[in-house]
Amino acid sequence: PMSLEREIGEMGYNRINKMHLEPSRIQVDKRLEIIQMYKELHRHSQIDSRPELFFHASDSIGANALAFPGGPIVVTDDLVNQLKKPELVVAVLAHELAHIEERHSMQQIVLVSGSLAIASVIFGAEEGISEDFLAAIVNLYAFQHSQDFELASDSYAHQLLGKAGFSPNLMSEALATLLNDIPDAAETSWFSTHPAKKERL
């Protein structure tokens, strides 16, 4: 149920907040501008309850946005600073709303737990099959689904931006800015959670 999903999301946020997040240092008026655009974006989504939006500084997460199951959404100061324009931050938020609306995090949890159970049944009785090997099989399967989720969320964000009165091109502009310094080879690994840069653009 969504109530349980939101509870899981809140627990995840609280844990990450304690370990990796600090109060935002982005100017209040800039945050409020992004929040207002985010509210308009959410109004055109299919999510009943608007996920809370938090801004945080972080030395470990870098330029990133995180959507926890059912919300909330976290935007880092580094992301805001790197994208510069509030409209580009909103494009990233459209992508994160897709993860929440399509319940990608919960699907991933089910995929991993279900795949581990199946792999244990198939390989568990075999001598010489280590837990590391089982984990590798499950991770490979999960990572490939994660790439599909990313592409689906990019497409969703492109459409949602248009519905909310923003330019759909903001999604590709935001991606181009964020992926600019990433070598093409960095996201082509089988164990990458994100599709290759050229594919996403």
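Residues numbered from 1 in each chain as written. Predicted model: local features only at pLDDT ≥ 70, side-chain atom pairs only at ≥ 80, totals over all residues. Heavy atoms only, no water.

Engineer: What's the story with the pattern of salt bridges in this structure? I'm lost.
Structural biologist: When the charged atoms of two side chains lie near each other, side chains of opposite charge can form a pair. Following the criterion strictly, the structure yields three salt bridges and no others. Ionic pairing is found between Lys85 and Glu173, a salt bridge with its closest N-O pair at 3.0 Å. In this pair, Lys85 is assigned in the loop between helix H3 (77-83) and helix H4 (86-101) and Glu173 in helix H7 (residues 169-179), connecting sequence segments 88 residues apart. Judged by relative accessible area, Lys85 falls into the partly exposed class, the value being 39%. What makes Glu173 partly exposed here is its relative accessible area of 34%. (Salt bridge = Lys/Arg side-chain N within 4 Å of Asp/Glu carboxyl O. Helix = DSSP H or I, 4+ residues; strand = E, 2+ residues; numbered from the N terminus. Buried < 20%, exposed > 50% of the residue type's maximum accessible area, 1.4 Å probe, protein only.)

Engineer: Would you mind showing me how to read the side chain of Ser58 here?
Structural biologist: Secondary-structure assignment places Ser58 in the loop between strand S2 (53-57) and strand S3 (65-67). Looking at Ser58, its side chain comes within polar contact range of the main-chain oxygen of His20, at 2.9 Å. A distance of 3.1 Å separates the side chain of Ser58 from the backbone nitrogen of Ile61, its partner in a polar contact. Once you skip the residues sitting within four places of it in the chain, Ser58 turns out to touch His20, Leu21 and Asp78. (Polar contact = N/O pair within 3.5 Å; in protein donor to acceptor, adjacent residues only side chain to side chain. Contact = heavy atoms within 4.5 Å.)

Engineer: Just checking my understanding: could you explain the packing of helix H2 (residues 28-43) against H4 for this structure?
Structural biologist: What describes two packed helices is the angle between their axes and the distance between those same axes. For the pair H2 and H4, the least separation of the axes is 10 Å and the interaxial angle reads 40 degrees. Of the possible angle classes, the one that applies to H2 and H4 is oblique. Handedness of the H2/H4 crossing: right-handed. Mapping the contact onto sequence places Glu33, Ile34, Met37, Tyr38, Leu41 and His42 in H2 and Pro86, Glu87, Val89, Val90, Leu93, Ala94 and Leu97 in H4. (Axes fitted to C-alpha atoms, helices over the stretch in contact; angles between N-to-C directions. Parallel < 35°, antiparallel > 145°, perpendicular 65-115°, else oblique. Left-handed = near helix turned anticlockwise from the far one by under 90°.)

Engineer: In this structure, what is going on with the environment of Arg50? I would like to understand it.
Structural biologist: Counting through the fold element by element, Arg50 comes out in the loop between H2 and S2. Assessed through its relative accessible area of 40%, Arg50 is described here as partly exposed. Excluding residues that lie within four positions of it along the chain, Arg50 makes contacts with Tyr38, Lys39 and His42.

So yeah, pure geometry; function would need other evidence.
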